[in-house]
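# Tertiary structure, described
Spelled out from the first residue to the last, the chains are:
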Amino acid sequence: MAAFGSLSTRLTETLAKLRTKGKLSASDVDGTVREIRRALLDADVALEVVKSFTAAVRERALGAEVSEALNPAQQVVKIVNDELVGILGGESRQLQLAKQPPTVIMLAGLQGAGKTTLAGKLAKHLRGKGHQPLLVASDLQRPNAVTQLQVVGGQAGVQVYAPEPGNGIGDPVKVARDGVAEAKRRQYDIVIVDTAGRLGVDADMMQQAADIRRAVQPDEVLFVIDAMIGQDAVATARAFQEGVDFTGVVLTKLDGDARGGAALSIRGLTGKPIMFASTGETLDDFEPFHPDRMASRILDLGDILTLIEQAQKAFDEDEAHRLAEAIATDGFTLEDFLKQMQQLRKAGNFKQMLGMLPGAKGMREAIDSFDERELVRTEAIIQSMTPQERKQSKILNGSRRVRIARGAGVTVTDVNQLMARFEQAAKMMKTVAKGGVPQMPGMGPMPGMRQSKKVQKQGKQQRRSGNPAKRTAEPVQPAAPQGSAFGKPKAEGAFGELSETDQAALQRMLGNG
Ligand SMILES: Nc1nc2c(ncn2[C@@H]2O[C@H](COP(=O)(O)OP(=O)(O)OP(=O)(O)O)[C@@H](O)[C@H]2O)c(=O)[nH]1
């Protein structure tokens, strides 16, 4: 995720500097806290939030938990992580559903914040959870807003209630009220009311939103705010809190080059939880907001849980069970590898998913240069193999590889590299299936991911000295990510390894849970 890009880089670099130190002196702590403070201010985090954040970090970092820690630097990372989770809101909060359906959710925010798009995303998300949402077009300000809502409603596969020409047009309050009545009549269990925005905060707009709120008595009022808004976040959030009041916040455009200040300030300024994050223009670029996961992403500790959830959405249950069995019994074949890759492709934005891996910031270059066409090439290679070759990769000797390369229109090196990646993936999957910890941060074996030049060179040296069958038995290790707070392929300590919950989730994804 691009948002928090430079904040994230600066925080991880600051914390990485501590790694070389054994004990931390008071001046080490002060220096670190000063750099954190500057990084937060440059990211447009509101001053009062920065002050309380750095005060808390400083106090804890000078305390016993650090001086007595086995690894003081890592303890400081933990403290910064804890405090980030805190300012992002601590626990994640779910939507409050009405005891008596329909649950009414009202959206409010400035024009262009992404409300209409969000209405579609939320509707699709809720529909996926078995709800029957109805969208209500109460944004009658912008000429195109009703049509736009109808378009996103269509994409989300949900109905849209819009004013009939000549029937209530021009009165957004009436449309909202009628929309809710319609939902009751036709037994929709959730109503999402889209309201108008203005370019800046103005009294008429606030009044209209407040009137709609009074008319439909929503269970949730979600304040939609563009993460790119910078320092204006403070004034805008306060105005909406006074004008309509809201029960939760949705951050949009977190995929953009936002400095992240709004995200980090909003909870502290309003006391209201961030409930969802919007990360792109398509309806699937949407996720429930989890403070702990977001903090991990900012500190480049990875976000395995979100990654798994996204993969899970694209995963076919039966196929996952079959795959789990294949992995556990050593029967993981190139055929499975191909299927897995195709499912990953289905899971959507591949680069975004790669970015959620621990240490991903250190692999930024590799991820940015990741070319989806590589997946196509990998597919072509596997498809050029005979069924037997796909089942028993061990029989792939030199002459078979030459034939396959020719069939797929690639070089023998490409085939060799794919085989190395495959072997490594099989090995990793097996570790996970046995309940072990995979080497996530190095993550060489993602299907389709090319190795760095350096690793390719190592591979060549190995190849020169080995026979073809042996080559693939010892796959080359991927390059260590550079410059992350955990600049080793296998990180030590609490953050480098998958937690038990992560492991359990990964197990579930593999059908073992
Ligand atoms: N990159 C990115 N673009 C987004 C995101 N959410 C919305 N957009 C885009 O932002 C623009 C404005 O979004 P809308 O949903 O029309 O905003 P709105 O708040 O409904 O605007 P009004 O109806 O005028 O109040 C559109 O071009 C969207 O495609 C997001 O998460 N990421």
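Below is a short write-up of the structure.

Basis of the calculations
Residues numbered from 1 in each chain as written. Predicted model: local features only at pLDDT ≥ 70, side-chain atom pairs only at ≥ 80, totals over all residues. Heavy atoms only, no water. Helix = DSSP H or I, 4+ residues; strand = E, 2+ residues; numbered from the N terminus. Buried < 20%, exposed > 50% of the residue type's maximum accessible area, 1.4 Å probe, protein only. Contact = heavy atoms within 4.5 Å. Areas by Shrake-Rupley, 256 points an atom, 1.4 Å probe, with all protein chains shown as cover. Near = heavy atom within 4 Å. Polar contact = N/O pair within 3.5 Å; in protein donor to acceptor, adjacent residues only side chain to side chain. Nonpolar A, V, L, I, M, F, W, Y, C, P; charged D, E, K, R; others polar. Pairing = 2+ DSSP bridges. Core = buried A, V, L, I, M, F, W, Y, C linked by side-chain atoms within 4.5 Å.

## A look at the overall build of the protein chain
When helices and strands are tallied, the protein chain shows 25 helices and eight strands. Here the protein chain holds 513 residues, and the buried ones make up 54% of them. Considering only contacts in the protein chain between residues 6 or more positions apart, those separated by 24 or more positions represent 75%. Just so you have it, the protein chain exposes about 23,000 Å², and 48% of that area is on carbon and sulfur atoms.

## Examining the site of the ligand
Neighbouring residues of the ligand: 19 residues in total, closest K115, T116, T117, R142 and E281. Separating an oxygen atom of the ligand from a side-chain N or O atom of Q148 is a distance of 3.0 Å. At 3.1 Å, a backbone N or O of G280 approaches an oxygen atom of the ligand. The leading source of residues in the shell around the ligand is helix α6 (residues 115-128), at four residues. Along the lines of polarity and charge, the residues of the shell around the ligand split into two nonpolar, ten polar and seven charged.

## A word on the pairing of strand β5 (residues 220-226)
In terms of burial, β5 is a largely internal element, seven of the seven residues being buried. Neither face of β5 is exposed, since E220, L222, V224 and D226 on one face and V221, F223 and I225 on the opposite face are all buried. Both strand β1 (residues 103-108) and β5 contribute to a ladder of four bridges, which runs parallel. Bridge pairing in β5 links L107 to L222.

## Some words on the side chain of T252
As for its placement among the helices and strands, T252 is situated in strand β6 (residues 248-252). Taking relative accessible area as the criterion, T252 reaches 2% and is therefore assigned buried. Once residues lying within four places of it in the same chain are set aside, the contact partners of T252 are A113, G114, V224, I225, D226, A227 and S278.

## Quick look at the nonpolar core
Counting 75 residues, the largest nonpolar core has L7, F240, L264 and I298 as its most contacted members. The biggest single contributor to this core is helix α5 (residues 72-87), with eight residues. Counting 26 residues, the second largest nonpolar core, distinct from the first, contains L107, L118, A156 and F276.

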